[in-house]
Amino acid sequence: MPVDPREVLTRPAPAPDFTEAYGGHPDQVFDVRGAGPLLVFVHGGFWRAEYDRAHVGPLSCGFAAEGFRVATIEFRRTGQPGGGWPGTFDDITLALAEVPRILGQEIALVSGHSAGGHLALWASGGRPALALAPVTGLAGAHELDDRAAHLLLGGGPSEVPERYLAAEPSAVGTLIHGTDDAQVPVELSRAYAARTGSRLVELPGVEHFGLIDPLSAAWPTVLAEARAAIGT
């Protein structure tokens, strides 16, 4: 594993096989790599514009190398016109409707990391979901990373409670979370699993970024759980 776990965020990755639009906005696009069961992946970055899908290029290549067709979606994020509430959520909903239509293939697994894990659970719609260190329990997490949930939803839980209610996922899925995660505390996933009956896989000694790094010790678990989620 790299000495600095954040190295994966800037590690170069081969270009996608192709990129398609799922809507009319420049950020309503997705990259496609590989062949096999369709995995739609939602990147993290606390829903903010400065983080885009490029940083999960290594993960997408890793899944593609193991027999998945990976569609990595982009979406409007906070700090951009139309990002936040409701635009970010509208984009995720639209992507999950349009990507399988465009590719002519049903979604086998919806997955995401960090804030993307939250969005994957929120939008999974009964499909198998695999959330990597997801930001859940938004009302309790709104102070994380300079109040990222506050920026996403346009206020705090006492100001826009209806948005927090609408934005909180309730899907049953599989969650993977490292116990040494300093960005998104594992307690959030513990509470979500207890609340929804989801499966939680805790990885002792693993931090936040190892879950998206095919070179990390956590990657075999991520891969195994993805395969288990779709029954392969």
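About the criteria used
Residues numbered from 1 in each chain as written. Predicted model: local features only at pLDDT ≥ 70, side-chain atom pairs only at ≥ 80, totals over all residues. Heavy atoms only, no water. Core = buried A, V, L, I, M, F, W, Y, C linked by side-chain atoms within 4.5 Å. Buried < 20%, exposed > 50% of the residue type's maximum accessible area, 1.4 Å probe, protein only. Contact = heavy atoms within 4.5 Å. Helix = DSSP H or I, 4+ residues; strand = E, 2+ residues; numbered from the N terminus. Salt bridge = Lys/Arg side-chain N within 4 Å of Asp/Glu carboxyl O. Axes fitted to C-alpha atoms, helices over the stretch in contact; angles between N-to-C directions. Parallel < 35°, antiparallel > 145°, perpendicular 65-115°, else oblique. Left-handed = near helix turned anticlockwise from the far one by under 90°. Nonpolar A, V, L, I, M, F, W, Y, C, P; charged D, E, K, R; others polar. Pairing = 2+ DSSP bridges. Right-handed = clockwise from strand over helix to strand, strands pointing away.

**Student:** Even after reading the chapter, I still don't get the nonpolar core, so can you show me in this structure?
**Tutor:** Membership of the largest hydrophobic core comes to 35 residues, with the highest contact counts inside it found for W47 and I73. If sequence neighbours within four positions are ignored, W47 has contacts with R77, T78, A115, H118, L119, V135, L138, A148, A149 and L152. If you look at the next biggest cluster of nonpolar residues, it comprises 26 residues, including L39, F41, A64 and V70.

**Student:** Could you clarify how one ought to interpret helix α3 (residues 115-123) in this entry?
**Tutor:** Three- or four-residue spacings in an α-helix give side chains the same orientation, since the helix completes a turn every 3.6 residues. The buried fraction of α3 amounts to 8 of the 9 residues, a majority that puts the element mostly inside the structure. Within the sequence span of α3, burial applies to A115, G116, G117, H118, L119, A120, L121 and A123. The first or second residue beyond α3 is G125, which carries a positive phi of 60°.

**Student:** Can you walk me through the pattern of salt bridges in this structure?
**Tutor:** Pairing between side chains of opposite charge can happen when their charged atoms approach one another. Within this structure, the stated rule accounts for 12 salt bridges. Its salt-bridge partner being D31, residue R53 comes within 2.8 Å of it at the nearest N-O pair. Of this pair, R53 sits in the loop between β3 (38-42) and α1 (57-65) while D31 is found in strand β2 (residues 29-33), placing the two residues 22 residues apart along the sequence. Comparing R53 with D31 shows no difference in burial state: the two are buried. E66 serves as the salt-bridge partner of R227, at 2.9 Å between the closest nitrogen and oxygen. Here R227 is found in helix α8 (residues 219-229), whereas its partner E66 is found in the loop between α1 and β4 (69-73), with 161 residues between them in sequence. Each member of the salt-bridge network shares a partner with another, and the members are D31, R53, E74 and R77.

**Student:** Explain the packing of helix α2 (residues 87-103) against α3 here, please?
**Tutor:** The angle between the axes and the distance between the axes are what describe a pair of packed helices. Their axes nearest at 10 Å, the elements α2 and α3 cross at an angle of 60°. In terms of axis orientation, α2 runs oblique to α3. Of the two elements, α2 crosses α3, and the hand of that crossing is right-handed. The residues of α3 that touch α2, namely those facing T88, F89, I92, T93 and L96, are H118, L119, W122 and A123. For the contact of α2 with α3, a count of residues per class yields 6 nonpolar, 3 polar and no charged.

**Student:** It is not clear to me how the pairing of β3 should be interpreted in this structure. Could you clarify?
**Tutor:** Looking along a regular strand, one sees the side chains alternate between the two faces of the sheet. Across the 5 residues that make up β3, a large majority, 5, are buried. Alternating positions in β3 separate into two faces, L38, V40 and V42 on one and L39 and F41 on the other, with burial throughout. Alignment of β3 against β4, held across 5 bridges, turns out to be parallel. Paired with V42 across the strands is I73, a residue of β4. What joins β3 to β4 is α1, and the crossover it makes is right-handed. Note: β3 against strand β5 (residues 107-113), 5 bridges, orientation parallel. What sits directly across from F41, in β5, is S111.

**Student:** Even after reading the chapter, I still don't get the sheet that holds β2, so can you show me in this structure?
**Tutor:** Strand pairing in a sheet relies on backbone hydrogen bonds, with the paired strands running either antiparallel or parallel. Strands sit in the order β1-β2-β4-β3-β5-β6-β7-β8 across an open sheet of 8 strands; the sheet is mixed. On the outer flanks of this sheet lie β1 (18-21) and β8 (199-203), each paired with one strand and no other. The mean inter-strand angle of the sheet, taken between neighbouring strand axes irrespective of direction, is 20°. The pairing of strand β7 (residues 174-178) with β8 spans 5 bridges and is classified as parallel. The residue of β8 that forms the bridge with G178 is L203.

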